[in-house]
Amino acid sequence: AQSVTQLDSQVPVFEEAPVELRCNYSSSVSVYLFWYVQYPNQGLQLLLKYLSGSTLVKGINGFEAEFNKSQTSFHLRKPSVHISDTAEYFCAVTLYSGAGSYQLTFGKGTKLSVIP
Amino acid sequence: DTEVTQTPKHLVMGMTNKKSLKCEQHMGHRAMYWYKQKAKKPPELMFVYSYEKLSINESVPSRFSPECPNSSLLNLHLHALQPEDSALYLCASSQNTGIEAFFGQGTRLTVV
């Protein structure tokens, strides 16, 4: 079975400071990993994805994440946050659901609050 | 066109009403999904359609009835809902299951 753990439910950070949102997954097989962002009263927007290849993945809005297989982690980072980055961030992993079908499993989310 | 369009954006319905949520994508994706999201919670998968066939039904009550008329459209028919069904309903699509999903803006449903 696969699951996703987001270690922090809330992360406050000052504007222009760096931030790291942590995500760990448990899986015995190869996985696809994703980070999504959700602004208030909106749907989810894909920030970045790891499918294969380079373990450092760059996404939109200046975010990046590093896939670390030995630590089963996929932490999200940004060197300098803006007020507009205030949102809920979800880490997700694919889950094999049988008969050749996969589904996304989400972590519980991390609320990033950027303080002016 | 990289959008998933959901209508309506907001819906208020009584417990005896019948309504439908609609979702449309024109990206040629062959997998489409319905998720339910309660406040301050992650999305919970309800249904998965793959190549217009229902492939996953996550033990959702029968008062929710999905329909996939064609590869671009996905509906969710609602009947005799309960107040606890109030939530944000999200539609998503992907090229195949397991690859990144694109989400719509959601329908905010309130059951009174």
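For the structure, check the block above.
Residues numbered from 1 in each chain as written. Chains lettered and ligands numbered in written order. Predicted model: local features only at pLDDT ≥ 70, side-chain atom pairs only at ≥ 80, totals over all residues. Heavy atoms only, no water.

Asks: Can you help me understand the overall build of chain A in this one?
Replies: What chain A contains, in helices and strands, is zero helices and 12 strands. Going residue by residue from the N terminus, the α and β elements of chain A occur as β-β-β-β-β-β-β-β-β-β-β-β. In terms of overall size, chain A behaves like a compact globule, its C-alpha atoms giving a radius of gyration of 14 Å where 116 residues would be expected to give roughly 13 Å. In terms of overall dimensions, chain A has a C-alpha envelope of 50 × 30 × 20 Å along the principal axes. Out of the 116 residues in chain A, the part that is buried amounts to 45%. Within chain A, residue pairs in contact and separated by at least 24 positions form 54% of the contacts whose partners lie at least 6 positions apart. When the accessible surface of chain A is summed, it comes to about 5,700 Å², and 52% of that surface belongs to carbon and sulfur atoms. (Helix = DSSP H or I, 4+ residues; strand = E, 2+ residues; numbered from the N terminus. Rg over C-alpha atoms; globule rule 2.2 N^0.38 Å. Buried < 20%, exposed > 50% of the residue type's maximum accessible area, 1.4 Å probe, protein only. Contact = heavy atoms within 4.5 Å. Areas by Shrake-Rupley, 256 points an atom, 1.4 Å probe, with all protein chains shown as cover.)

Asks: I would appreciate a short explanation of the interface of chain A and chain B in the present structure.
Replies: For interface size, the figure often reported is the accessible area lost on association. Facing the 22 residues of chain A at the interface are 20 residues of chain B. Carbon and sulfur atoms make up 55% of the surface buried where chain A meets chain B, a total of about 1,600 Å² over both sides. Interface area lost by chain A to chain B is led by L44, Q103 and F106 of chain A, which between them contribute 26%. In this assembly, chain A and chain B are joined by one salt bridge. The salt bridge partner of E100 of chain B is K49 of chain A, with a shortest N-O separation of 2.4 Å. (Buried area = accessible area lost by both parts, 1.4 Å probe. Salt bridge = Lys/Arg side-chain N within 4 Å of Asp/Glu carboxyl O.)

Asks: Got a minute to help me understand the state of the cysteines in this structure?
Replies: Any covalent bond linking the sulfur atoms of two cysteines counts as a disulfide. Counting across every chain of the model gives two disulfides over all chains. Sulfur-sulfur distance for the disulfide between C23 of chain A and C91 of chain A comes to 2.0 Å. The S-S bond linking C23 of chain A to C91 of chain A shows a torsion near -70°; that makes this disulfide left-handed. Here the residue C23 of chain A occupies a position in strand β4 (residues 23-26), and C91 of chain A occupies one in strand β10 (residues 87-98), the gap between them amounting to 68 residues. Like C91 of chain A, C23 of chain A is buried. There is a disulfide in this structure between C23 of chain B and C91 of chain B, and the S-S distance comes to 1.9 Å. The chirality of the disulfide connecting C23 of chain B with C91 of chain B is left-handed, given an S-S dihedral of about -70°. You can see C23 of chain B sitting in strand β3 (residues 18-25) and its partner C91 of chain B sitting in strand β9 (residues 87-94), a full 68 residues away along the chain. (Disulfide = S-S within 2.5 Å.)

Asks: Would you mind going over the sheet that holds β3 of chain B with me for this structure?
Replies: Residues and elements named next belong to chain B. Read from one edge to the other, the open sheet built from four strands follows the order β1-β3-β8-β7, with strand pairing classed as antiparallel. The open sheet has two edge strands with one neighbour each: β1 (4-7) and β7 (64-70). Averaged over all pairs of adjacent strands, the angle between their axes in this sheet comes to 20°, without regard to strand direction. Sheet topology places β7 next to strand β8 (residues 73-79); five bridges connect them, and they run antiparallel. Residue F64 lies in a different strand from β8, and its bridge partner there is L78. (Pairing = 2+ DSSP bridges. Axes fitted to C-alpha atoms, helices over the stretch in contact; angles between N-to-C directions.)

Asks: Help me out: how do you make sense of the pattern of salt bridges in this one?
Replies: Side chains that differ in sign of charge can pair as their charged atoms come close. Residue and element names in this part refer to chain B. Overall, the coordinates contain nine salt bridges over all chains when judged by the stated rule. Between D85 and K36 there is a salt bridge; the shortest N-O distance is 4.0 Å. One end of the pair, D85, is in the loop between β8 and β9; the other, K36, is in strand β4 (residues 31-37), with 49 residues separating them in the sequence. The pair formed by D85 and K36 is uniform in burial state, with each residue classed as buried. Taking the shortest distance from any N to any O, the salt bridge between D85 and R63 comes out at 2.7 Å. Of this pair, D85 sits in the loop between β8 and β9 while R63 sits in the loop between β6 (53-57) and β7, and the two are 22 residues apart along the sequence. For D85, a relative accessible area of 2% puts it in the buried group.

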